[in-house]
Amino acid sequence: MNSFLVVTDSASIAEESRELLEELLGHVVVEVVHEDGRLALSRLERRAYDLVLLPLELRKMEALTLLRAVGPEVASRIALLTPDTLDGFRTAWEGMRLGARDLVPTKGQPPQRLKGHHDLRLR
């Protein structure tokens, strides 16, 4: 079974992520970590997830710092939850330069809802 990690402090983001993954893959188990960068790093060091949804802004450690800490193999399984703003995209592009797999635009900051049409979400 695939393993997924969602780092968020938003119950709606966690639920929408689970629904999206189930829509694409069938029944899945999604582990949720409340938006704490050090806790997320600890989980990533202990377990290999197939996909990690990670917001750019985290308590105690920012996403870019976390990406630098995990290295390219783990970073390649991370999709960044990116505020739909110019600054959000600039930071996400830096994260992708550090090895993140993709970005997922969200409405507002902090992220409230996953954005994008079906084709974008299939990436």
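Computed from a predicted structure; not experimentally measured.

### Observations concerning the overall build of the protein chain
Line of reasoning, step 1. A tally of regular secondary structure across the protein chain gives five helices and six strands.
Line of reasoning, step 2. From first element to last, N terminus to C terminus, the protein chain shows the α and β order β-α-β-α-β-α-β-α-β-β-α.
Line of reasoning, step 3. Put simply, the protein chain has 123 residues, and 48% of those count as buried.
Line of reasoning, step 4. Nonlocal contacts in the protein chain, meaning residues at least 24 apart in sequence, comprise 60% of its contacts between residues at least 6 apart.
Line of reasoning, step 5. A total accessible area of about 6700 Å² is found for the protein chain, and carbon and sulfur atoms account for 51% of it.

### Let's talk about the side chain of Arg77
Line of reasoning, step 1. Note that Arg77 resides in the loop between helix 3 (63-75) and strand 4 (78-83).
Line of reasoning, step 2. No salt bridge is formed by the buried Arg77, whose closest oppositely charged neighbour, Glu73, lies at an N-O distance of 4.2 Å.
Line of reasoning, step 3. Here Glu73 takes part through its backbone oxygen, which lies 3.4 Å from a polar atom of the side chain of Arg77.
Line of reasoning, step 4. Setting aside residues no more than four positions away along its own chain, Arg77 makes contact with Ala48, Tyr49, Asp50, Leu51 and Val52.

### Digging into helix 2 (residues 37-46)
Line of reasoning, step 1. Here helix 2 has its buried residues at Gly37, Ala40, Leu41, Arg43 and Leu44. Within helix 2, the buried residues cover an arc of 160 degrees as seen down the axis, which keeps them to one side. Away from the buried face of helix 2 by more than 90 degrees, exposed residues Glu45 and Arg46 are located.

### Overview of the nonpolar core
Line of reasoning, step 1. Leu44, Leu54, Leu66, Ile78 and Leu80 are the most contacted members of the largest nonpolar core, which totals 25 residues.
Line of reasoning, step 2. For this core, the secondary-structure elements that each account for two or more residues are strand 1 (3-7), helix 2, strand 3 (51-55), helix 3, strand 4 and helix 4 (86-97).
Line of reasoning, step 3. Counting residues per element, this core draws most heavily on helix 3, at seven residues.
Line of reasoning, step 4. Ignoring sequence-local partners within four residues, the contact set of Leu66 consists of Gly37, Ala40, Leu41, Leu44, Leu54, Met61 and Ile78.
Line of reasoning, step 5. Val28, Leu51, Leu53 and Ala79 belong to the second-largest nonpolar core, a separate cluster that totals eleven residues.

Definitions and cut-offs
- Residues numbered from 1 in each chain as written.
- Predicted model: local features only at pLDDT ≥ 70, side-chain atom pairs only at ≥ 80, totals over all residues.
- Heavy atoms only, no water.
- Helix = DSSP H or I, 4+ residues; strand = E, 2+ residues; numbered from the N terminus.
- Buried < 20%, exposed > 50% of the residue type's maximum accessible area, 1.4 Å probe, protein only.
- Contact = heavy atoms within 4.5 Å.
- Areas by Shrake-Rupley, 256 points an atom, 1.4 Å probe, with all protein chains shown as cover.
- Lys, Arg positive; Asp, Glu negative; His and termini not counted.
- Salt bridge = Lys/Arg side-chain N within 4 Å of Asp/Glu carboxyl O.
- Polar contact = N/O pair within 3.5 Å; in protein donor to acceptor, adjacent residues only side chain to side chain.
- Arc of directions from axis to C-beta.
- Core = buried A, V, L, I, M, F, W, Y, C linked by side-chain atoms within 4.5 Å.

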